[in-house]
Amino acid sequence: MAHEHPVAMSPCITCGRPFMYDPERVVSVLIDTATGWYPEPGRRHHAARVPACHFCVRAANVERRKRGLPLGYEGDTYADLVRRLARDEW
Ligand SMILES: [Zn+2]
C-alpha cells in the first residue's frame, strides 16, 4: 500500500542532486559535521549520516568492481521507491 515507508528528500552527499529516499533504508555516508569529511578516529560522535543517491552508489560500485574492491551496499534500498514512483503510489 502507499505510504507504508517514510519518505525524505535531501541533496546527495556526493553529487548534490536532491533525491527522494526511504530514510530507514537509504545508503548513507558518515560525515564529520565540522569538516565535511569522513570522521577521524575518535570524532565519530561528531559525525552524522548523510544519504547518497542511487546513481552515486552504483557509480561507486562500478569503480570498485574495476579495482576488485568490495562493493558498497546497493541491495534493494531503492527498489521499492522506484517501483512506487513507477506506479505513482505517493
Ligand atoms: Zn548522488
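By convention here, each chain's residues receive numbers from 1 onward along its written sequence. Reporting of local features is limited, given that this is a predicted model, to residues whose pLDDT is at least 70; pairs of side-chain atoms are given and counted only at 80 or more, and all residues count toward the totals for whole chains, interfaces and linings.

Each helix and strand counted, the chain has 2 helices and 4 strands in total. Each helix corresponds to a stretch of at least 4 residues labelled H or I by DSSP, and each strand to a stretch of at least 2 residues labelled E; elements are numbered beginning at the N terminus. Reading the secondary structure of the chain in the N-to-C direction produces β-β-β-β-α-α. Long-range pairs, those at least 24 residues apart, make up 38% of the contacts in the chain between residues at least 6 apart in sequence. Each residue gets a C-beta atom placed from its backbone, and two residues are in contact if those atoms lie within 7 Å.

As a further point, take helix α1 (residues 54-67). Residue pairs three or four apart in sequence face the same way in an α-helix, which turns once every 3.6 residues. Given a helix with a known number of residues, its expected span is that number minus one, times 1.5 Å. Look at α1: 20 Å from first C-alpha to last across 14 residues, which is about the 20 Å you get at 1.5 Å a residue. Just downstream of α1 lies Gly-68, where phi reads positive at about 75°.

Here we take up the environment of Thr-35. Tracing the sequence through the fold places Thr-35 in the loop between β3 (28-32) and β4 (47-51). On the basis of neighbour count, Thr-35 is assigned to the exposed category, with 12 C-beta atoms found within 10 Å. Counting other C-beta atoms within 10 Å of a residue's C-beta gives its exposure: the residue is buried at 20 or more, exposed at 12 or fewer, and partly exposed in between, where C-beta atoms are placed from the backbone.

What follows covers the pairing of strand β2 (residues 18-21). Between any two strands, at least two bridges found by DSSP are needed for them to pair. For strand β1 (residues 8-11) and β2, the ladder comprises 4 bridges, and the chain directions are antiparallel. Across the sheet, the residue bridging to Met-9 is Met-20, located in β2. Between the end of β1 and the start of β2, which pair antiparallel, lie 6 residues, with Gly-16 showing a positive phi angle near 80°.

For the chain, mean pLDDT is 79; residues scoring 70 or higher make up 74% of the total. Averaged pLDDT values over the elements of the chain bottom out at 62 in helix α2 (residues 79-87) and peak at 91 in β1. The pLDDT value tells you how sure the predictor is about a given residue, anywhere from 0 up to 100.

A few words now on the environment of Arg-49. Along the polypeptide, Arg-49 turns up in strand β4. Linking Arg-49 and Ser-28, residues 21 residues apart in sequence, is a C-alpha distance of 5.6 Å. Excluding residues within four positions of it along the chain, Arg-49 makes contact with Ser-28 and Leu-30.

Further remarks concern the environment of Met-9. By the element assignment, Met-9 lies in strand β1. Remark: the alpha-carbon pair of Met-9 and Met-20, spanning 11 residues in sequence, is separated by 4.3 Å.

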